[in-house]
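# Breakdown of the fold
Residue strings, one per chain:
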Amino acid sequence: MRVGVLASGTGSNLQALIDAGARGQLGPARLVVVGVNVPDCGALSRARGAGLATFVVEHRGQPSRDAFDQTLIAALQAHGVQLVVLAGFMRILTPAFLNAFPGRVINVHPSLLPAFPGVHGQAQAYRHGVKVTGCTVHFVEDGVDSGPIIAQIPVSVLDDDDEESLRLRILAEEHRLLPAVVRQIAEGRVTVAGRRVRIAPG
Ligand code: GRF
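In every chain, residue numbers begin from 1 and rise along the written sequence. Only residues with pLDDT of at least 70 are given local features in this predicted model, and only at 80 or more are side-chain atom pairs given and counted; all residues enter the totals for whole chains, interfaces and linings. Derived side-chain values reflect all non-hydrogen atoms in the structure, with water molecules and hydrogen atoms excluded from consideration.

## Examining the nonpolar core
- In this structure, Val5, Val85, Ile106, Ile150, Leu178 and Val182 are the most contacted members of the largest nonpolar core, which totals 43 residues.
- We count a stretch as a helix when DSSP gives it H or I for four or more residues in a row; a strand needs E for two or more, and each element gets its number in order from the N terminus. The dominant element in this core, judged by the number of residues it contributes, is helix 6 (residues 163-186), at eight residues.
- The contact criterion used throughout is that any non-hydrogen atoms of two residues lie within 4.5 Å. Not counting chain neighbours up to four residues away, the residues in contact with Val85 comprise Val3, Gly4, Val5, Leu6, Leu17, Ile106, Leu178 and Val182.
- In this text, buried Ala, Val, Leu, Ile, Met, Phe, Trp, Tyr and Cys residues form a nonpolar core when linked through side-chain atoms within 4.5 Å. We call a residue buried when its accessible area falls under 20% of the maximum for its residue type, exposed when it is over 50%, and partly exposed in between, using a 1.4 Å probe and counting protein chains only. Counting residues in hydrophobic clusters, the runner-up holds 19 residues, among them Phe55, Val81, Phe89 and Val105.

See below:
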């Protein structure tokens with residue numbers, strides 16, 4: 001399965017995918033291209049460092065959200081992408097994008113959805129005072145961090161945590177969860193019935 005990754009930031013989740021692939025832990029999934037919307041982001045350097053094909057589409061340079069998404073679609077389709085992974089991609093995609101990859105766009109989010117969607121899910125959870133938060137990988141629908149939940153890992157909030165220590169512990173779990181889900185999808189083990197997602201045993 002040909003996987004395209006979209007990212008905007010540091011790219012540590014992208015790195016987790018690259019490393020999992022190098023260890024043979026992505027099953028039939030193969031990273032084929034990385035697209036970013038921030039020209040000097042860490043994700044772009046990591047992708048180049050791994051020898052992956054890359055493209056940059058700056059949203060500022062595009063006349064509209066539709067134009068931005070059409071450019072992304074074309075770039076991903078040019079690489080025959082079958083699964084799109086949003087790994088810290090900080091733009092909301094239009095229905096046109098989702099229709100181009102129906103049921104084939106996933107996102108990693110740093111909270112136990114549906115709690116704390118949107119930006120800074122970790123800080124939101126910390127400030128709310130929850131005792132358990134975590135991370136989620138979900139299918140992307142039209143809406144912010146909505147869409148059927150594929151898998152989650154809980155992370156306890158410790159008494160001596162601050163926002164940064166909590167963020168880092170959640171991020172470490174994202175790095176385990178995202179490659180595992182990509183592999184499960186590529187192995188054809190993930191099925192969706194309404195909002196319920198099932199993962200067949202490997
Ligand atoms: C992650 O916490 C992800 O859940 C969120 O943005 C962060 C991206 O981190 N959407 P990185 O760029 O993968 O290091």
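Let's pick the thread back up.
## Quick word on helix 3 (residues 65-78)
- For helix 3, with 14 residues, the first-to-last C-alpha span of 20 Å sits near the 20 Å given by 1.5 Å per residue.
- Taken residue by residue, helix 3 has Phe68, Asp69, Leu72, Ile73, Ala75 and Leu76 as its buried positions.
- Of the surrounding secondary structure, the elements contacted by the buried residues of helix 3 are strand 1 (2-7), strand 2 (30-36), strand 3 (53-56), strand 4 (83-86) and helix 4 (95-100).
- Positive phi shows up at Gly80, right after helix 3, with a value of about 65°. Residue count minus one, scaled by 1.5 Å, sets the expected span of a helix.

## Some remarks on the pairing of strand 4
- Side chains of strand 4 alternate between two faces, with Leu83 and Val85 and Val84 and Leu86 buried alike.
- Note on pairing: two strands pair once DSSP finds at least 2 bridges between them. Sheet topology note: the strand 4/strand 5 (residues 105-109) ladder contains three bridges and is parallel. Looking at strand 5, one finds that Leu86 is bridged to Asn107.

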